[in-house]
Amino acid sequence: MRTIELRSGEETIRLGQLLKLVDAVPSGAQVKDVLTSGDVAVNGEPEERRGRQLRRGDVVSVAGQEDVRVG
């Protein structure tokens, strides 16, 4: 499992931002397509909201990729 550390002073990161950061999508325009395909889960629950706020300890799963933990 890969861990992405939040920057100092940050408490959250949006799901769409995280997906771009870990190269789960090639561009921001494709985030919506990945989310609506049902291939993304947060803490084991399907998620379609690109603006979902992720906090430390949350685990994001994308089909065909290594899970990512927010640290």
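Residues numbered from 1 in each chain as written. Predicted model: local features only at pLDDT ≥ 70, side-chain atom pairs only at ≥ 80, totals over all residues. Heavy atoms only, no water.

Visitor: Which residues make up the environment of Leu18, and what values do they have?
Guide: Tracing the chain through its elements places Leu18 in helix H1 (residues 15–21). Spatially, the C-alpha atoms of Leu18 and Val70 are 9.0 Å apart, while their sequence positions differ by 52 residues. (Helix = DSSP H or I, 4+ residues; strand = E, 2+ residues; numbered from the N terminus.)

Visitor: Tell me about the pairing of strand E6 (residues 59–62), and name the residues and values.
Guide: Alignment of strand E3 (residues 40–42) against E6, held across 3 bridges, turns out to be antiparallel. Its bridge partner lying in E6, Ala41 is registered against Ser61. Both E6 and strand E7 (residues 68–70) contribute to a ladder of 2 bridges, which runs antiparallel. Bridge pairing in E7 links Val59 to Arg69. (Pairing = 2+ DSSP bridges.)

Visitor: Pulling in residues and values, what's your account of unusual backbone geometry?
Guide: For residues besides glycine, phi is generally negative; the peptide bonds are generally trans as well. Backbone geometry places Asp23, a non-glycine residue, at a positive phi of 60 degrees. Among the structural elements, Asp23 can be located in the loop between H1 and helix H2 (31–36). Backbone geometry at Asn43 places phi at a positive 55 degrees, although glycine is not the residue there. In this structure, Asn43 sits in the loop between E3 and strand E4 (45–46).

Visitor: Before we move on, can you summarise the nonpolar core with the specific residues and values?
Guide: Residues Leu15, Leu18, Leu19, Val40, Leu54 and Val60 are the most contacted members of the largest nonpolar core, which totals 19 residues. Mapped onto this core, the elements with two or more residues apiece are H1, H2, E3, E6 and E7. Leaving out residues up to four positions away in the same chain, Leu18 has contacts with Ile4, Ile13, Leu54, Val60 and Val68. (Core = buried A, V, L, I, M, F, W, Y, C linked by side-chain atoms within 4.5 Å. Buried < 20%, exposed > 50% of the residue type's maximum accessible area, 1.4 Å probe, protein only. Contact = heavy atoms within 4.5 Å.)

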